[in-house]
Amino acid sequence: MTPADLSTTVLHAVRRAVDEDALRVAVPARVRVERTRPGGRGDYACAVALQLAGPAALPARDVAEILRRRMARTPGIAAVEVTGPGFLNFTLPAARDLGALVRTVREHGTAYGHGDALAGTAVSFVPAEEPRARVVTDTVERLLRSQGAEVGDRAADGEALHVHPVPATDRDLFARLGEDAARWALLRPAPHDRPRHTGNGVLLVQREGNPLFRVRYAHARTRALSRNAGQLGFRAAYECAVDAPALGALLADHPAVLTAAARYREPDRLARHLEAVAAAFSDFHDGAAPLPVGDEKPSAAHRSRLALAEAAGTVLAGGLSLLGISAPEVL
């Protein structure tokens, strides 16, 4: 759960409160979420209730409590508290034991994070003609199925729903960029944002400046590590004892990201998450090599690092698959 995800979650809570007539305010365009200051509660804080208190003609703490109740069970958030004059404070789940986590990822493979969080939900969508709406609808259906929802023709009380992202202006996107890059270009921006990088070829350049390349390269690198380890005569050890809190926290958060992306019909949450996993994997790889260097012999540390790298690759491959994007083993 990143600050951007928390901001989106708060905005959803405000919209729900307005729709339910619990608040009578204009929904702000954006909400700022910041790291809690020293001595504060939780991991992140938001002052939106103080911003809305005047227009709502309510005390800020009352506004904060209205929003807190609508976020209390959000996947990826352990607790929401109201503090001070009306601040919302968010506590994220503690990272799980890294050894247990990598074993769980290995056990479930690319289906890690799939579950039944939305079991009992029945949804159907009107077939879309506009290219971006078609891609977003297809991906949202994949995400919903991954969380146990029933998706099909008129599954939701006989009424099919529409997906209305900001349309893509480039009608030749798939012909110019190909399936993978075109899907990333349409899915990575939030549905209410206009797609970028559709006309300048950035998503076709195999360099670090291409976010899709960074994600796919990180996956390909994890696969290369496994192949190279096999050539050196060792395999991953899943009694993981490495210290990689950033990467471990992102892998642990993957199920909650999938649930939120499905629940709110926002595939961009998953795309952003994959970018973060790729960046954390690169930092981990550069700081603690999973393979022996020079005259080193394979050690328990190398085996544990390799297990964590393989778990990261599995999450990247599974996430790309849900976005309908391939995950090559060699780039």
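As the structure is a prediction and not an experimental result, all values here were calculated from the model. (Residues numbered from 1 in each chain as written. Predicted model: local features only at pLDDT ≥ 70, side-chain atom pairs only at ≥ 80, totals over all residues. Heavy atoms only, no water.)

A.B. asks: What should I look at first to understand the overall build of the protein chain in this one?
C.D. replies: Each helix and strand in the protein chain was counted, giving 10 helices and six strands. For the protein chain, the C-alpha radius of gyration of 21 Å lies close to 20 Å, the compact-globule estimate for 331 residues. Out of the 331 residues in the protein chain, the part that is buried amounts to 50%. Taking all contacts inside the protein chain whose residues are at least 6 apart in sequence as the whole, residues at least 24 apart take part in 71%. Accessible surface, the protein chain: about 15,900 Å² in total, of which carbon and sulfur atoms supply 49%. Within the protein chain, the 38 negative side-chain charges are centred at a point lying 2 Å from the centre of the 41 positive side-chain charges. (Helix = DSSP H or I, 4+ residues; strand = E, 2+ residues; numbered from the N terminus. Rg over C-alpha atoms; globule rule 2.2 N^0.38 Å. Buried < 20%, exposed > 50% of the residue type's maximum accessible area, 1.4 Å probe, protein only. Contact = heavy atoms within 4.5 Å. Areas by Shrake-Rupley, 256 points an atom, 1.4 Å probe, with all protein chains shown as cover. Lys, Arg positive; Asp, Glu negative; His and termini not counted. Charge placed at Lys NZ, Arg CZ, Asp CG, Glu CD.)

A.B. asks: What am I meant to see in the pattern of salt bridges here?
C.D. replies: Pairing between side chains of opposite charge can happen when the charged atoms of each approach one another. The full count for this structure, using the stated rule, is 18 salt bridges. For the salt bridge of Arg 32 with Glu 34, the shortest nitrogen-to-oxygen distance reads 2.9 Å. Among the residues examined, Glu 34 registers a relative accessible area of 34% and is labelled partly exposed. Here Arg 41 and Glu 81 are joined by a salt bridge, their closest N and O atoms 2.5 Å apart. Of this pair, Arg 41 sits in the loop between strand E1 (33-35) and strand E2 (44-46) while Glu 81 sits in strand E3 (residues 79-83); the two residues are 40 residues apart in sequence, bridging distant segments of the chain. A relative accessible area of 24% means that Glu 81 is categorised as partly exposed. Several salt bridges converge on common partners, so that one network encompasses Asp 138, Arg 142, Glu 179 and Arg 183. (Salt bridge = Lys/Arg side-chain N within 4 Å of Asp/Glu carboxyl O.)

A.B. asks: Just checking my understanding: could you explain the environment of His 108 for this structure?
C.D. replies: Among the secondary structure elements, His 108 is positioned in helix H4 (residues 98-108). Taking C-alpha positions, His 108 is 9.3 Å from Thr 314, a pair spaced 206 residues apart along the chain.

A.B. asks: Help me understand the sheet that holds E2, please; the structure alone is not making it clear to me.
C.D. replies: Pairing between the strands of a sheet is mediated by backbone hydrogen bonds and can be parallel or antiparallel. The antiparallel open sheet is built from four strands, whose spatial order is E1-E2-E4-E3. Because the sheet does not close on itself, it has two edges, and the strands there are E1 and E3. Strand-to-strand twist across the sheet, computed as the mean angle between neighbouring axes with direction ignored, equals 30°. Sheet topology note: the E3/strand E4 (residues 87-91) ladder contains five bridges and is antiparallel. (Pairing = 2+ DSSP bridges. Axes fitted to C-alpha atoms, helices over the stretch in contact; angles between N-to-C directions.)

A.B. asks: Would you take a moment to explain unusual backbone geometry for this structure?
C.D. replies: Among all residues save glycine, negative phi is the norm, and among peptide bonds the norm is trans. With phi around 65°, Asp 21 is a residue other than glycine that occupies positive phi space. With respect to the element layout, Asp 21 can be found in the loop between helix H1 (3-19) and E1. Residue class for Asp 21 comes out partly exposed when judged on its relative accessible area of 46%. If you check the backbone angles, Ala 57 has positive phi at about 55° while not being a glycine. Within the secondary structure, Ala 57 sits in the loop between helix H2 (48-56) and helix H3 (60-71).

A.B. asks: Hey, could you run me through the packing of helix H7 (residues 211-232) against helix H10 (residues 300-322) in this one?
C.D. replies: Packed helices, taken two at a time, are described by the angle their axes make and the gap between the axes. Between H7 and H10, whose axes approach to 9 Å, the crossing angle comes to 140°. In terms of axis orientation, H7 runs oblique to H10. Remark: the crossing between H7 and H10 carries left-handed chirality. On H10, the residues that touch Val 215, Arg 216, Ala 218, His 219, Thr 222, Leu 225, Ser 226 and Ala 229 of H7 are Leu 306, Ala 309, Glu 310, Gly 313, Leu 316, Ala 317 and Leu 320. Class assignment for the residues of the contact of H7 with H10 results in nine nonpolar, four polar and two charged. (Parallel < 35°, antiparallel > 145°, perpendicular 65-115°, else oblique. Left-handed = near helix turned anticlockwise from the far one by under 90°. Nonpolar A, V, L, I, M, F, W, Y, C, P; charged D, E, K, R; others polar.)

A.B. asks: Could you clarify how one ought to interpret the nonpolar core in this entry?
C.D. replies: It is characteristic of soluble globular proteins that their nonpolar side chains tend to be buried jointly. Among the nonpolar cores identified, the biggest contains 63 residues, and Leu 144, Trp 184, Leu 247, Leu 251, Phe 281, Leu 308 and Leu 323 are the most heavily contacted of them. If you list the elements that add at least two residues to this core, you get H4, helix H5 (131-146), helix H6 (173-187), H7, helix H8 (245-263), helix H9 (267-287) and H10. Looking at which element gives the most residues to this core, the answer is H10, with 10 residues. (Core = buried A, V, L, I, M, F, W, Y, C linked by side-chain atoms within 4.5 Å.)

A.B. asks: Would you explain the environment of Arg 305 in this entry?
C.D. replies: Structurally, Arg 305 can be placed in helix H10. Take Arg 305: its relative accessible area is 21%, and that puts it in the partly exposed class. Residues within four places of Arg 305 in sequence aside, it is in contact with Val 242, Phe 284, Ala 288, Ala 289 and Pro 290. Only 2.8 Å separates the side chain of Arg 305 from the backbone oxygen of Ala 289, close enough to count as a polar contact. (Polar contact = N/O pair within 3.5 Å; in protein donor to acceptor, adjacent residues only side chain to side chain.)

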